[in-house]
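Descriptive analysis of the structure
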Amino acid sequence: LLGLGRSAKVNDVKKAFRKFSLRCHPDKNPGDKDANEKFIQIRNASDFLMEQGNLQFFRSYDFLFLVRAVNKIPNYLSLYTQCALDNQDYQTVADLLLKVEDARDISSLVRDTVRSNSIKTDVLQNNIAKVAKQYAHSLTIDIKKAYGTPDFVQLHHSYSNLEEFESAFKSYRNIVETPLTLTVLEELKAALEKLRSEASFLHGMSESSASKAMDKFATKLIKIGRVLDGFPRLKKQASAIIHSLLNGVDSEPWGVFFIFKLGLLLEKGELSGDDEDKRIGTVIVGSFQHFQDVRTVIFNREVI
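This one's a predicted model, so the numbers in the text were calculated from it and none came from an experiment.

1. With respect to unusual backbone geometry
A cis amide bond, omega -10°, links Thr149 with the succeeding residue Pro150. Along the chain, Pro150 turns up in the loop between α7 (121-148) and α8 (152-169). For Gln88, which is not glycine, the phi torsion reads 55° and is therefore positive. Counting through the fold element by element, Gln88 comes out in the loop between α5 (73-86) and α6 (90-110). In this structure Gln88 comes out as partly exposed when scored by relative accessible area, which is 31%.

In structure tokens form, the structure reads like this:
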């Protein structure tokens, strides 16, 4: 503010005050709020340095240490933001965005034109926003990876984190520029629709050809069934897709018998030897009316 170096003396403070205060004195700048605010800052800085001991502190190594500490504030806030995000402490980061004004106030107390830089609120906010946006991007990548693996425990965890993140920062358009969870959900829906398309290959086949393709169809059904069972937010769509696929099969001349054999195949879980596939197959058989006859046969066997 006063353009003083660390070797400044009392007379230097007085000269600097006279020099800078004349430029922005309210009498010379009537109605100029910025000039008036600048004048107040200059006067406060001069008064502070003129108080006993403060000028000596300004010239000391303690002050230099403080200046260096203040200059590290932007980097520190970025690291602090990343740490809070990693711990899913989104509210702390949101609160931090509201309090960065305080860092500028601290900067104004120790600013030295030679050794210290002014801390600008918008720069600090942009730094925090940049870290937050990178974190949100990493969450969306985690969601897509978990869906492709598939790992529905991780998918649910990452998606829930993204929901909480979006809720905490929804008022900050420089962080949440578009609806994050909605965008991700639409991409997952598109992936489900792709599975539907890949499973819609039985239409018009002969009975023998369909029978040979049963394992392939069952495998596609289990992939959709994993979403049905493991990701509640898409349960309705996954259920509708399986229902539609089974209706399509049922409409074929050989459909009823095919579905019965398909149900037995899913129930036995002999497609891949994977326990999770077997469990999902049982879930599918138990969830759709198309397999009522299969459930009846299984029930009768257990009773007998």
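2. Structural notes on the nonpolar core
Phe165, Phe169, Phe217, Leu262 and Phe291 are the most contacted members of the largest nonpolar core, which totals 70 residues. Among all residues touching Phe291, those that are not within four sequence positions of it are Leu246, Ile259, Leu262, Gly263, Leu266, Ile284 and Val285.

3. Regarding the packing of helix α9 (residues 180-199) against helix α11 (residues 214-230)
Two elements in contact, α9 and α11, have axes whose closest approach is 9 Å; the angle formed by their N-to-C orientations is 160°. Considered as vectors, α9 and α11 are oriented roughly antiparallel to each other. The crossing of α9 and α11 is left-handed. When α9 is examined against α11, the residues Leu192, Leu195, Arg196, Glu198 and Ala199 are found in contact with a partner set consisting of Phe217, Lys220, Lys223, Ile224 and Val227. Of the residues belonging to the contact of α9 with α11, the class tally is six nonpolar, no polar and four charged.

4. Brief notes about helix α14 (residues 275-287)
For α14, which comprises 13 residues, the first-to-last C-alpha distance of 18 Å matches the rise-based estimate of 18 Å (1.5 Å per residue) to within 8%. Within α14, the full set of buried residues consists of Asp277, Ile280, Gly281, Ile284 and Val285. Here the buried residues of α14 occupy an arc of 140° about the axis, which is enough to place them on one side. The exposed residues of α14 that point more than 90 degrees off its buried face are Asp275 and Gly286. At the N-terminal end of α14, a side-chain oxygen is found 2.8 Å from the backbone nitrogen of Glu276, two or three residues along, and the residue is Asp274.

5. Comments concerning the side chain of His290
Structurally, His290 can be placed in the loop between α14 and α15 (292-303). There is a polar contact of 2.7 Å between the side chain of His290 and the side chain of Asn247. The residues contacting His290, other than those within four sequence positions of it, are His243, Leu246, Asn247 and Ile259.

6. Overview of α9
Compared with an ideal rise of 1.5 Å per residue, which puts 20 residues at 28 Å, α9 spans 29 Å between its outermost C-alpha atoms and is within 8% of the ideal. Among all positions in α9, only Leu180, Thr181, Val184, Leu185, Leu188, Leu192, Leu195 and Ala199 are buried. Here the buried residues of α9 occupy an arc of 120° about the axis, which is enough to place them on one side. Opposite the buried face of α9, by more than 90 degrees, sit the exposed residues Lys194 and Ser197. As for α9, its buried residues are in contact with α7, α8, α11 and α12 (235-250).

Basis of the calculations
Residues numbered from 1 in each chain as written. Predicted model: local features only at pLDDT ≥ 70, side-chain atom pairs only at ≥ 80, totals over all residues. Heavy atoms only, no water. Helix = DSSP H or I, 4+ residues; strand = E, 2+ residues; numbered from the N terminus. Buried < 20%, exposed > 50% of the residue type's maximum accessible area, 1.4 Å probe, protein only. Core = buried A, V, L, I, M, F, W, Y, C linked by side-chain atoms within 4.5 Å. Contact = heavy atoms within 4.5 Å. Axes fitted to C-alpha atoms, helices over the stretch in contact; angles between N-to-C directions. Parallel < 35°, antiparallel > 145°, perpendicular 65-115°, else oblique. Left-handed = near helix turned anticlockwise from the far one by under 90°. Nonpolar A, V, L, I, M, F, W, Y, C, P; charged D, E, K, R; others polar. Expected span 1.5 Å × (residues − 1). Arc of directions from axis to C-beta. Polar contact = N/O pair within 3.5 Å; in protein donor to acceptor, adjacent residues only side chain to side chain.

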